[in-house]
Amino acid sequence: MPYAAPLADMRLVLDAVAGLGGEAAELAGPVLEEAARFAAAELDPLNQPADRTGSVLENGIVRTPPGFRDAYRRYAEGGWMGLAVDPAHGGQGLPLALATPVVEMWNSACMAWALCPLLSFGAIDMLAAHGTPEQQRLYLGKLVSGEWTGTMNLTEPQAGSDLGALRTRAVPQRDARWGEHYRITGQKIFITYGDHDLTDNIIHMVLARTPDAPPGSRGISLFLVPKFLPDAEGRPGERNDLRPLRLEEKLGIHASPTCVMSYGEGDGAIGWRIGEENRGLEAMFTMMNSERLLVGVQGVAIAERAYQQARDYARTRVQGQPAGVPRNTEGTPPIIHHPDVRRMLLSMRAATDAMRAMAYFAAAAIDASRRAGDGQAQFRAQRRADLLIPVVKAWCTDLGVEVASIGIQVHGGMGYIEETGAAQYLRDARIAPIYEGTNGIQANDLVGRKLGRDQGEAARELIAEMRGTLGELDRGLDAIRAPLANGIQALEQATEYLVGAGPAFAAAGSAPYLALFGTVLGGWLMARLALAAGSRGGDFAAAKLATARFYAEHFLARAPSYLPAVTGGATIVDFDPDWL
């Protein structure tokens with residue numbers, strides 16, 4: 001079934017939650033409408049055929065499915081890659097909050113295709129923050145224009161999430177042709193779009209160790225390694241000493257080439273260090289944080305696509321007489337009239353609305369951190385963005401998988417059959433809780449770093465802001481206020497417990513804490529959407545109010561139940577692993 005971007009929903013979130021204003025607010029309509037047209041006309045038709053075809057590796061060259069190259073060319077020609085990039089680097093300078101719904105549309109329409117530009121967004125952020133003037137001159141403009149694409153090369157066969165165990169080597173060299181550079185040798189796995197036929201060059205961001213590097217994560221440096229070495233004019237020249245060894249066979253995102261990359265089968269791949277030696281993780285985290293937000297947006301996107309498919313199927317599928325619906329001579333009504341089917345669809349819709357609000361809210365926080373400049377205002381804005389990123393990445397991707405699974409359930413047996421397309425959304429969604437740092441890592445980051453570094457002060461500020469909304473929830477919104485108040489109270493108790501807990505007990509409670517945080521944050525944002533929609537009237541407002549109430553009754557009501565799991569870490573810590 002075709003995808004149609006939910007423009008009215010997106011605009012409500014941008015207005016009520018992201019606070020889009022000024023010129024960006026004026027441009028939002030045309031930008032979103034054109035992005036919706038591109039998603040529907042160019043990307044959506046590729047999604048199911050490309051899933052069946054997949055990318056292939058032939059004679060050392062990765063070939064993407066038919067239509068991918070043409071769609072990418074039109075994407076680059078449209079200037080979409082630079083939408084939220086600083087004009088100093090060739091971008092259009094629009095807020096990230098406006099670019100986020102555009103990224104959502106690409107991933108709803110064809111997630112496997114959208115992964116390619118998604119990696120480039122992070123590469124651009126990292127080079128803009130840490131690249132030398134020469135690196136920016138040669139590479140940044142081409143990435144912003146979409147002429148070239150970027151990748152991140154972290155994982156190795158023996159080093160998954162433990163980057164301190166990586167072995168890829170970078171030996172310093174100097175000659176007249178390449179100046180000061182490094183020769184890179186090693187193997188990387190799980191490299192999304194590590195090779196492809198969409199552009200003339202691919203710029204790899206590679207983590208490696210120099211010869212005298214200290215052990216562990218303290219000894220990691222970051223290197224820029226192009227597929228083709230640029231000549232003096234910046235054009236792709238000779239082939240670098242790197243190649244894809246194979247493509248991984250995956251559960252989903254079949255059309256996205258996930259490569260095993262080999263560096264240095266000859267004299268070594270030529271690369272240039274980004275940032276200081278042995279401080280590569282700091283630079284790479286700039287890229288990773290960008291990717292973590294956008295992976296959270298993928299959770300929103302796949303949930304929206306699964307919801308649309310399930311809703312449209314339920315509007316036409318006839319199966320049994322719905323309870324509470326009178327029989328008539330016009331025939332049996334479709335399954336959307338069954339109360340339990342309606343419950344499932346409402347669950348999908350409410351979850352997707354909450355996820356969308358959270359992702360756009362986080363993007364707006366990043367925009368605020370970039371506008372604030374130096375000083376206390378910038379510090380507080382950045383601290384808010386840092387607090388939100390692991391929640392967006394983990395909560396939205398976990399919920400995206402759940403929504404895609406419910407979508408199959410709405411279809412019944414037909415959902416388990418590939419021809420309907422419902423199963424693809426679940427298969428594609430399943431990677432999002434894993435890559436860019438598993439969701440367990442996100443939970444540990446939230447508790448161990450984000451709560452630990454300021455003893456919960458950023459979380460307390462956000463909780464106080466949530467509590468300030470409670471007084472506005474009257475005149476028909478009483479059903480939302482009580483569950484939200486109870487959820488806020490549970491979140492506050494959990495936060496104070498974890499701030500004082502030992503490391504092992506805090507880690508044991510981190511996953512339920514993130515689930516609690518996401519559920520309450522989502523409920524608060526849904527309440528804000530309900531308040532904003534209420535002033536607009538009509539069926540749209542009525543639907544938003546009813547959806548917010550459903551979220552309060554079916555999601556927020558569960559929030560306090562996470563508290564015992566947060567504070568009950570001793571059950572986990574004291575459990576003997578041998579008993580498993």
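Residues numbered from 1 in each chain as written. Predicted model: local features only at pLDDT ≥ 70, side-chain atom pairs only at ≥ 80, totals over all residues. Heavy atoms only, no water.

1. What about the overall build of the chain?
Next, step 1: Helix and strand counts for the chain stand at 17 helices and 12 strands.
Next, step 2: Once the C-alpha set of the chain is aligned to its principal axes, its extents read approximately 80 × 60 × 55 Å.
Next, step 3: For the chain, buried positions account for 56% of its 580 residues.
Next, step 4: For the chain, the proportion of contacts with a sequence separation of at least 24, taken over those separated by at least 6, is 75%.
Next, step 5: Total accessible area on the chain stands at roughly 23,100 Å², and carbon and sulfur atoms take up 52% of it.
Next, step 6: Within the chain, the 66 negative side-chain charges are centred at a point lying 1 Å from the centre of the 55 positive side-chain charges. (Helix = DSSP H or I, 4+ residues; strand = E, 2+ residues; numbered from the N terminus. Buried < 20%, exposed > 50% of the residue type's maximum accessible area, 1.4 Å probe, protein only. Contact = heavy atoms within 4.5 Å. Areas by Shrake-Rupley, 256 points an atom, 1.4 Å probe, with all protein chains shown as cover. Lys, Arg positive; Asp, Glu negative; His and termini not counted. Charge placed at Lys NZ, Arg CZ, Asp CG, Glu CD.)

2. Focus: the environment of glutamate 156
Next, step 1: Among the structural elements, glutamate 156 can be located in the loop between strand E3 (149-153) and strand E4 (169-175).
Next, step 2: As a C-alpha pair, glutamate 156 and alanine 482 span 326 residues in sequence and 49 Å in three-dimensional space.
Next, step 3: Setting aside its immediate chain neighbours within four residues, glutamate 156 contacts Leu166, Arg167, Thr168, Gln187, Lys188, Ile189 and Leu207.
Next, step 4: Of note is the side chain of glutamate 156, whose polar atom sits 2.5 Å from the side chain of threonine 168. (Polar contact = N/O pair within 3.5 Å; in protein donor to acceptor, adjacent residues only side chain to side chain.)

3. Comments concerning the side chain of serine 369
Next, step 1: In this fold, serine 369 is placed in helix H7 (residues 339-371).
Next, step 2: Polar contacts involving the side chain of serine 369 include one to the side chain of glutamine 382, which spans 3.4 Å.
Next, step 3: When sequence neighbours within four positions are dropped, the list of residues in contact with serine 369 reads Gln378, Ala381 and Gln382.

4. As for helix H2 (residues 22-53)
Next, step 1: End to end, H2 covers 44 Å across 32 residues, agreeing with the expected 46 Å (1.5 Å per residue, within 8%).
Next, step 2: When the local axis directions of H2 are compared, the greatest deviation, roughly 45 degrees, occurs at leucine 43, which is followed within four positions by the proline proline 45.
Next, step 3: Just beyond H2, the residue with positive phi is glycine 54, at close to 70 degrees. (Expected span 1.5 Å × (residues − 1). Bend = angle between axes of the 7 residues up to and from the residue.)

5. A word on the packing of aromatic side chains
Next, step 1: Evaluation of the coordinates by the stated rule reveals 15 aromatic pairs.
Next, step 2: Consider the rings of tryptophan 80 and tryptophan 106, whose centres lie 5.3 Å apart with planes at 85 degrees: the pair is edge-to-face. Here tryptophan 80 is found in the loop between helix H3 (68-77) and helix H4 (96-130), whereas its partner tryptophan 106 is found in helix H4, with 26 residues between them in sequence.
Next, step 3: For tryptophan 80, a relative accessible area of 10% gives the class buried. (Phe/Tyr/Trp six-rings, centres within 6.5 Å; stacked < 30°, edge-to-face > 60°.)

6. Considerations on the packing of H4 against helix H6 (residues 280-316)
Helices that pack against each other are described as a pair by the angle of their axes relative to one another and the distance between those axes.
Next, step 1: One can describe the packing of H4 onto H6 by two numbers: an axis separation of 8 Å at closest approach and a directional angle of 170 degrees. By the angle class used here, H4 and H6 are roughly antiparallel.
Next, step 2: The class makeup of the residues in the contact of H4 with H6 is 19 nonpolar, 8 polar and 6 charged. (Axes fitted to C-alpha atoms, helices over the stretch in contact; angles between N-to-C directions. Parallel < 35°, antiparallel > 145°, perpendicular 65-115°, else oblique. Nonpolar A, V, L, I, M, F, W, Y, C, P; charged D, E, K, R; others polar.)

7. Overview of the packing of H4 against H7
Next, step 1: H7 packs onto H4 with a crossing angle of 25 degrees between their chain directions and a minimal axis gap of 15 Å. Classified by the interaxial angle, the pair formed by H4 and H7 is roughly parallel. Considering only the axes of H4 and H7, their crossing is left-handed. Of H7, the residues touching H4 (which contributes Leu96, Ala97, Thr100, Pro101, Glu104 and Asp125) are Arg356, Tyr360, Ala363, Ala364, Ile366, Asp367 and Arg370. (Left-handed = near helix turned anticlockwise from the far one by under 90°.)

8. Regarding the pattern of salt bridges
Next, step 1: One pass over the structure, following the stated rule, counts 39 salt bridges.
Next, step 2: Linking aspartate 44 and arginine 305 is a salt bridge whose minimum nitrogen-to-oxygen distance equals 2.7 Å. Of this pair, aspartate 44 sits in helix H2 while arginine 305 sits in helix H6; the two residues are 261 residues apart in sequence, bridging distant segments of the chain.
Next, step 3: Note on aspartate 44: relative accessible area 11%, which makes it buried.
Next, step 4: Note on arginine 305: relative accessible area 4%, which makes it buried.
Next, step 5: In this structure, glutamate 461 and arginine 380 form a salt bridge, with 3.1 Å as the shortest nitrogen-oxygen distance. One end of the pair, glutamate 461, is in helix H11 (residues 457-469); the other, arginine 380, is in helix H8 (residues 376-411), with 81 residues separating them in the sequence. (Salt bridge = Lys/Arg side-chain N within 4 Å of Asp/Glu carboxyl O.)

9. Remarks on the nonpolar core
Next, step 1: Core analysis: the biggest nonpolar cluster contains 179 residues, and Trp106, Met205 and Tyr513 have the highest contact counts within it.
Next, step 2: When residues in this core are grouped by element, the largest group, 23 residues, is from H4. (Core = buried A, V, L, I, M, F, W, Y, C linked by side-chain atoms within 4.5 Å.)

10. What about a nonpolar patch on the surface?
Next, step 1: A cluster of nonpolar side chains, contributed by Phe505, Ile572 and Val573, occupies part of the molecular surface with about 240 Å² of accessible area.
Next, step 2: As for its placement among the helices and strands, valine 573 is situated in helix H17 (residues 569-573).
Next, step 3: Taking the relative accessible area as the measure of exposure, valine 573 reaches 36% and is therefore partly exposed. (Patch = residues over 30% accessible without salt bridge, like charges linked within 9 Å, V, L, I, M, F, W, Y side chains within 5 Å.)

11. Topic: H11
Next, step 1: In this model H11 runs 19 Å from its N-terminal to its C-terminal C-alpha over 13 residues, within 8% of the 18 Å that 1.5 Å per residue would give.
Next, step 2: Among the residues making up H11, those that are buried are Ala458, Ala459, Leu462, Ile463, Met466 and Thr469. Viewed end-on, H11 has its buried residues packed into an arc of 135 degrees, placing them on one side of the element.
Next, step 3: Elements that come into contact with the buried residues of H11 comprise H7, H8, helix H10 (439-451), helix H12 (478-500) and helix H14 (510-534). (Arc of directions from axis to C-beta.)

12. Section: the side chain of asparagine 153
Next, step 1: Mapping asparagine 153 onto the fold places it in strand E3.
Next, step 2: Polar side-chain contacts of asparagine 153 include one of 2.7 Å to the side chain of tyrosine 263.
Next, step 3: Other than its neighbours up to four places away in sequence, asparagine 153 contacts Lys188, Ile191, His204, Met205, Val206, Leu207, Met261 and Tyr263.

13. Overview of the pairing of E3
Next, step 1: Summarising burial for E3: 5 of the 5 residues are buried, a large majority.
Next, step 2: Here E3 shows no split at all, with Thr149, Thr151 and Asn153 on one side and Gly150 and Met152 on the other all buried.
Next, step 3: Taken together, the 5 bridges between E3 and strand E6 (residues 202-208) define a ladder with parallel strand orientation. Considered in E6, the bridge of methionine 152 is made with methionine 205. (Pairing = 2+ DSSP bridges.)

14. So, the environment of valine 225
Next, step 1: Considering the arrangement of structural elements, one finds valine 225 in strand E7 (residues 221-226).
Next, step 2: Put simply, valine 225 and alanine 165 are 60 residues apart on the chain and 21 Å apart in space, counted from C-alpha to C-alpha.
Next, step 3: Non-local contacts of valine 225, meaning those with residues more than four positions away in its chain, are made with Ile184, Ile202, Ile203, His204, Val206, Asn240, Leu242, Tyr263, Ala269, Ile270 and Gly271.

15. With respect to the environment of proline 236
Next, step 1: With respect to the element layout, proline 236 can be found in strand E9 (residues 236-239).
Next, step 2: The exposure class assigned to proline 236 is partly exposed, which follows from its relative accessible area of 35%.
Next, step 3: Setting aside residues no more than four positions away along its own chain, proline 236 makes contact with Trp148, Asp200, Asn201, Phe228, Leu229 and Pro230.

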